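# Understanding the architecture of this molecule
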Amino acid sequence: MTPTLQIFLIVSGALFSIGLLAALSRRHAIFILIGIEMMLAAANLNFIAFWRFGPQHQPPTGVMIAIFSIAIAAAEAAVGLAMVIAVYRHYHTTNVDQLDQLRG
Amino acid sequence: MNSAAFIIIAILTLGAALAAATLQKLMHAALSFAGAFVGVAALFFLLGAEFVGLVLVFIYIGAVAVLIVFTILLTRRDVGKDRGFNWSGVAIAVAVFSGLTWSILKTQSLSIIAPHIRALTVKRVGEALMTSYVWPLQCVGLLLTAALIGALVLVMEEKR
Amino acid sequence: MSSWIVTNLWLIPALPFAASLVILSLSNVRRKSAAALAVIGQLLALAFSILAFLPTLQTHGFRVVQNFNWFTFGEQTLRLGFILDPLAAAMLMMIALVGLCIFVFSVGYMAEDRNFVRFFAYLSFFSGAMLGLVIANSLVLLFIFWELVGLASYLLIGFWIERPSAAAAAKKAFVTTRIGDMGFFLGMLWLYNRSGTLLFYDGGNGCLESAGLAMLGASPAVAGFIALLIFCGAAGKSGQFPLHVWLPDAMEGPTPVSALIHAATMVAAGVFLVARVYPLFSLGAINGVTPSLTVVVWIGVTTALMAALIAVAQADIKRILAYSTVSQLGLMMVSLGVGGVAAGIMHLLAHGFFKALLFLGSGSVIHGCHGEHDIRKMGGLRRPMPVTFVTYAIGMMALSGVPFFFSGGWTKEEILHATAHWPRSHATYYLMLAGVVLTALYMTRQIIYVFFGNSRSASERVHESPRVMTTPLIVLAICAIFFSVLLTPAWPWLHTYLTGESAQFELVRLIQPMFFVSLVLVGAGIGFGIWMYRNAGAPERNRPAEIDPLEYAQPALFRFLANKMWIDELYNRTVVAFSWMAAHLSDWMDRYFWDGLVRGFGAIGQLFAIFTTSVDERGINAGVDETTAGARSLGRVMSTAHSGQIQTYLGVVAIGMLALLLLYAWLA
C-alpha cells in the first residue's frame, strides 16, 4: 500500500495539533514559538503534499510558496525570540501567565 | 513511494514533535524540536521536494534551533522555576485534531495515489525563483533585512 | 522661423504675463530688475509680433487659426483658439510697439513712485491680456481677455489708491464697463444658442463663416439683436455714449496708463471687437445698411460730437485728451457703421500712435510742471521743453487731421469718404465735418495754452524731461509721421492689406474734391482757435487772465460744456439715485419686513423647542438613561473575558477555527 494524500494530510494535521498543544498549554514563551513553528511546518507539508499529488504546473507553485513561507517563518522566529529576550529583560520572567497588562 | 519508510518517518516526526511540546526541560524540548524538523525534511524528501527539505534542514536546524538554544541560555535564570501545564490547551488541540481528521477522511476526493512526475531539479526551482518569482523574492529579501534590524533593535540595551 | 510663431501664437501674450508673474514676486526695492523684466517681456512680444506679421504679408487674405478643446461636458465641447490674420497682425504690431514706448517712458515717469515694482507688474499683465485679446479666435477667449484688460485697467486707474478720487474713478470705470459687458455676455450666450459655436473661424463651421451665418440668417432680427448686445460691450469699453462717463475720470491713473490703456489700446478694443464680428452686424445687409449698423453710426456720431464739444471747455490737460479719445473712438464707430471697416481700423492704428504720443507728451509736461494738470496755469513751455513741444505739435497736427504729412489726416479722410457714401443719410457726413473743425479747435486751444504765451504759476523752473522719457516721444512722433506713407490714397497699402487685396500705385488719387473740403475745415478750425486764444492766459480788455476767452464770450454755453453737459449729474440723479433708493428700500424691507417675518418664525420655533425640551427631559431622556446603564453593566461583564492572557486568546482562535472547519465539512 502506497501512502495516499489523505495520510499525508492526517500527519500534517497531527503535527499542527501538536504545535497548537505546545502553544496553548506551556507557560514558557519559547514553547509558544516552538508551537508556532511546528504549525507553520505542518502548513508547508500541506503545500508540498498538494503539489506532489495535484496536477503539475511550471513553475511549481506549491514548492515556491513553501520556500517563501520558510523564509518568512525564519524572520518570524528571529523577531519572536528577540521579543522573548526583551520581555525577559523588562519583566524578569518568560512566563506568559504573568504578562497580563492587556487585561480588560 | 515507500510506505514502510513513510510510516517510520511519520511516527518518528510526530513522536519528536510531541516530545518537543511536552518535555519538562527546555533544552530537551529544543533538541526534540530539531529532531521533529529532521522528520519533516525527510517527509519532503519522500515527496520529491528535495530542495525544500534541504532548505528546511539548513534554516530550522542550522538557524532557528540554534537561536532557540541561545535564547534558552540567555534566559537561563528563569528556566528552573516550576511550570504549570494547561490542560484545557490539550483538550482544544485534541478537538482540532479530531475535527481535521474527520473532515479529511470524509472527503473522498483526497484518497488518491501520487502520480509520476518529472523530478524537481534545483535548476527548475532556481529558474522559477529568478523569473516568475523574482519580485516576491526581492520582497522577502527586504523583509528579512527588516526583521534582522528589528530583532537587533528589540534586544538592544534599554536606555534608562 | 516665422511659420513656427504662427503655430505658437500663445507665446506672444504669454511672455508679458510671465514677466508680470515674476515681477509680482519681486520685493518692492528691486526697481531695476522689475523695469528690465517688463521691458524685456514687451521687447520679446514685439519681436514675436513682427515674426507673426511677416507671413501675413506673403499672401492676400492670409488667415490661420488654431483651435483646441478647452473642456467637454456631456456632448458639448467648448473650443477656444487663436487666429492670425491681417487685422490681428496689425493690432499686434501696434500694441507691442506703442506698449514698448510707453514701458520705457514709464521707467522715467514713475521713477519716484513707491510702488514702482507693482506698477510694472500691472502694466505687463495688461499688455499680455491685450495682446491675447486681438489674437483670440473665440468669443469666449476674447471675453476672458476682455475682462482681464478690464481688471488691469481697474488696478491701474486706482494705482494711487491713497487718493479717494482715484479709487472712485477705478470703481466707476469698472462698474460702467460692466454694464456694457453684461450685454456682451448676453449676446454671447444668445449667439451660442443660435449658432452652436463661439469660434470665429473653424474651417467653415465658425460663427462668422458661411455655415454659422446661414443658421443666424434664418432670423435676421435676432442676429441684429445679438450684434447690438455685443455692441453694448464694445460701447462700454470704447467709451461710447451713454457709457462714456468713465473714460475722462480714468485719467486719475498715472499718465503712462492713460496713454497705453485709455488712449491707444484697451479703449480701441471695442472698435476692434465690432470689426472682428463685423459679419454679424452686416448680416442681411441691403445696400450695406442694417438696423444694427445704423444704431452703431448714430451712437458714434453722438459720441464724437458731444465729446468734441466738451473737450473745448476743459481745463485739465489729460481730460481734454480723454474727451478727444472718446470723440475719435466715436469717429471709428461711425466708420465701421457706414461700412468703412478698413478705414476705421486704420484710424484705430494711427490714433494709437499719435494719441499715445500726445498722452506721453502731456505726461512729460505734467512731470516738468511738478504734477500740475491745469492748462491755464502753464504757458510758454516751448522754450524749456523743446523736444516735448515739437513731438506734441506733431501729435496735435496728426489728431487735428492736417493733411499730407500726418497719419491722422489720411485716415480721417478715408472715414469721411466712407461716411459721404452712406446711403441712409447725409447728415452724418456734415456732422463729422463739424467734428473735424471742433477737433482742430480744441487742440489748438490746448497747445496755445500750454506751450505759447508767457509762463504762468505752474510753469516756472520747468525742465525738459530725461532722455528715457523723450526717446519714446521721438519714436512715436516718427511713427505718427511715417505711418502716413502706408495710408495715402496714392498707395493705399494698409487698406488693401486689411481687405486682402493688392495695392496699386496711382498718384492721381491724391487729388480729390472732398480732400479740399476737409483741408479748408481743418484750416478754419486751427485759424479760429489761434484767433480766439491769441491772448489766452493774459488779461485782455475787460477780461481777467484766468477766464477763458470762450467763457468770456459765451458764459452759459461754456458752463454747459465745462460741466460735461451735466451728464454725470444726470446719471447721479437718475441711475445712481434709483440704485440708491432701491438699496435703501431693500435695506428697509430687510430690516423691518423680512426681519420681522424671520423673527416671527424664530419665535414659533422657540416655542416648539421649549415644548420638545420638556418632552425630551421627562420622556425620552429617562429611556435613554436606562439603555446606557444596561450597556455599561453589560460591558463590565464582557470585559472580564479580556484576561490579558495570550494563550487564552489563542485557544479561542483555535476553537473558532475548529467551528468554521466543522461548519464547512458539514455543509459540503
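The residue numbers shown here count from 1 along each chain, following its written sequence. Here the convention is simple: chains get letters from A, ligands get numbers from 1, in the order in which they are written. A pLDDT threshold of at least 70 governs which residues receive local features in this predicted model, and a stricter bar of 80 or more applies before side-chain atom pairs are shown or counted, although totals over entire chains, interfaces and linings include all residues. Side-chain numbers here rest on the full set of heavy atoms in the structure, without hydrogens or water.

With that out of the way, let us pick up the environment of Arg383 of chain C. Numbered from the N terminus, helices here are DSSP runs of H or I no shorter than four residues, and strands are runs of E no shorter than two. Summarising the element assignment, Arg383 of chain C is placed in the loop between α16 (341-368) and α17 (386-400). The spacing of Arg383 of chain C and Phe452 of chain C is 69 residues in sequence and 8.9 Å in space, taken between C-alpha atoms.

Tallying the contact residues gives 15 residues for chain A and twelve residues for chain C. Buried area is understood as the total, over both parts, of accessible area removed when two parts are fitted together, assessed with a 1.4 Å probe. Carbon and sulfur atoms make up 58% of the surface buried where chain A meets chain C, a total of about 960 Å² over both sides. By definition, a salt bridge exists where a carboxyl oxygen of Asp or Glu is found within 4 Å of a side-chain nitrogen of Lys or Arg. Counting every contact that joins chain A to chain C gives zero salt bridges. In protein, a polar contact means a hydrogen-donor-capable atom and an acceptor-capable atom, both N or O and within 3.5 Å, with residues adjacent in sequence counting only if both atoms are side-chain atoms; elsewhere, any N or O pair within 3.5 Å suffices. Linking chain A to chain C there are two residue pairs in polar contact (both at pLDDT 80 or more). Per-element tally for the side of chain A that touches chain C: the top contributor is helix α1 (residues 5-25) of chain A, with five residues. Only Asp, Glu, Lys and Arg are considered charged in this grouping, and only Ala, Val, Leu, Ile, Met, Phe, Trp, Tyr, Cys and Pro are considered nonpolar; every other residue, Gly among them, is considered polar. Of the residues that constitute the side of chain A that touches chain C, the class distribution is eight nonpolar, two polar and five charged. We call two residues in contact when some of their heavy atoms are within 4.5 Å.

Leu139, Leu142, Leu381 and Leu494 of chain C are the most contacted members of the largest nonpolar core, which totals 219 residues. In terms of residues, this core owes the most to one element, α16 of chain C, which gives 17 residues. Beyond its immediate chain neighbours, meaning those up to four positions away, Leu494 of chain C contacts Met346, Leu349, Phe483, Leu486 and Leu487 of chain C. Take the buried Ala, Val, Leu, Ile, Met, Phe, Trp, Tyr and Cys residues and link them wherever side-chain atoms come within 4.5 Å; each set so joined is a nonpolar core. Whether a residue is buried, partly exposed or exposed follows from its accessible area with a 1.4 Å probe, protein chains only, as a fraction of its type maximum: under 20%, in between, or over 50%, in that order. Core analysis: the second largest hydrophobic core is formed by 83 residues, Phe8, Leu20, Ala49 and Ala73 of chain A among them.

Turning next to the side chain of His262 of chain C. Tracing the sequence through the fold places His262 of chain C in helix α11 (residues 255-264). Those residues in contact with His262 of chain C that lie beyond four places of it in its chain are Ser153, Ile157, Trp246, Leu247, Ala250, Met251, Val257, Val267, Thr325 and Phe359 of chain C.

Moving on, we come to the packing of helix α3 (residues 61-91) of chain A against helix α6 (residues 134-155) of chain B. Every axis corresponds to a line fitted to the C-alpha atoms, with the helix fit spanning only the stretch in contact, and the corresponding angles, defined between N-to-C directions, vary from 0 to 180 degrees. Viewed as axis vectors pointing N to C, α3 of chain A and α6 of chain B meet at an angle of 10 degrees, and their least axial separation amounts to 9 Å. Classified by the interaxial angle, the pair formed by α3 of chain A and α6 of chain B is roughly parallel. Together, Phe68, Ala71, Ile72, Ala75, Ala78, Val79, Ala82, Met83, Ile85, Ala86 and Arg89 of chain A of α3 of chain A and Pro136, Leu137, Val140, Leu143, Leu144, Ala147, Ala151, Leu154 and Val155 of chain B of α6 of chain B make up the contact between the two elements. Each residue belonging to the contact of α3 of chain A with α6 of chain B can be placed in one class, and the counts come to 19 nonpolar, no polar and one charged. In what follows, roughly perpendicular refers to angles from 65 to 115 degrees, roughly parallel to angles under 35, roughly antiparallel to angles over 145, and oblique to any angle outside these ranges.

On to helix α15 (residues 317-337) of chain C, then. Residue and element names in this part refer to chain C. Residue count minus one, scaled by 1.5 Å, sets the expected span of a helix. Helix length check: α15, at 21 residues, gives a terminal C-alpha distance of 31 Å against a target of 30 Å (1.5 Å per residue), a fit within 8%. Within α15, 21 of the 21 residues are buried, which leaves it mostly tucked inside the rest of the structure. If you check the start of α15, you find a side-chain oxygen 2.9 Å away from the backbone N of Lys318, and it comes from Asp316. Backbone geometry just downstream of α15 places Gly339 in the positive-phi region, at approximately 105 degrees.

Once that is clear, we can look at the interface of chain B and chain A. Contacts between the two partners involve 81 residues from chain B, matched on the other side by 73 residues from chain A. Both faces combined, the contact of chain B with chain A buries some 7,200 Å², and carbon together with sulfur accounts for 76% of it. Summed over the shared surface of chain B and chain A, the result is zero salt bridges. If you look at where chain B meets chain A, you find 14 residue pairs in polar contact (both at pLDDT 80 or more). Sorting the residues of the side of chain B that touches chain A by element identifies α1 (3-22), α2 (26-47), α3 (50-74), α4 (87-106), α5 (122-130) and α6 of chain B as the ones contributing at least two each. At twelve residues, α3 of chain B tops the list of elements feeding residues into the side of chain B that touches chain A.

To continue, consider the packing of helix α9 (residues 220-237) of chain C against helix α14 (residues 291-312) of chain C. Residues and elements named next belong to chain C. Interaxial distance between α9 and α14 falls to 9 Å at its minimum, and their mutual angle equals 30 degrees. When the axis of α9 is compared with that of α14, the two are roughly parallel. Between α9, through Gly224, Ala227, Leu228 and Phe231, and α14, the contact on the second element is made entirely by Ser292, Val295, Val296 and Ile299. Class assignment of the residues belonging to the contact of α9 with α14 gives a composition of six nonpolar, two polar and no charged.

Taken over all residues, the pLDDT of chain C has a mean of 84, while the share at 70 or more is 96%. Note on the complex model: pTM 0.64, ipTM 0.89. Known as pLDDT, the predictor's confidence for each residue is given on a scale from 0 to 100.

Residues and elements named next belong to chain C. By the convention used here, strands pair only if DSSP detects at least 2 bridges between them. With nine bridges joining them, strand β1 (residues 64-73) and strand β2 (residues 76-84) adopt antiparallel strand pairing. Opposite Phe71, over in β2, you have Leu78 as the bridge partner. The turn linking β1 back onto β2 is made up of two residues, and Gly74 within it adopts a positive phi angle of 60 degrees.

What follows deals with helix α7 (residues 164-195) of chain C. Because each turn of an α-helix spans 3.6 residues, side chains separated by three or four positions in sequence point in the same direction. Residue and element names in this part refer to chain C. The end-to-end C-alpha distance of α7, which contains 32 residues, comes to 46 Å, matching closely the 46 Å that a straight helix rising 1.5 Å per residue would cover. To get the bend at any residue, fit one axis to the seven residues that end at it and another to the seven that begin at it, then take the angle between the two axes. In α7, a bend of some 30 degrees at Ile179 exceeds every other bend along the element. Positioned one or two residues after α7, Gly196 has a phi angle of 75 degrees, which is positive.

We now examine the state of the cysteines. The disulfide definition used here is simple: a pair of cysteine sulfur atoms within 2.5 Å. Under the counting rule described, the total for this entry stands at zero disulfides over all chains. For Cys101 of chain C, which is in no disulfide, the shortest distance to another cysteine sulfur is to Cys479 of chain C and amounts to 6.2 Å.

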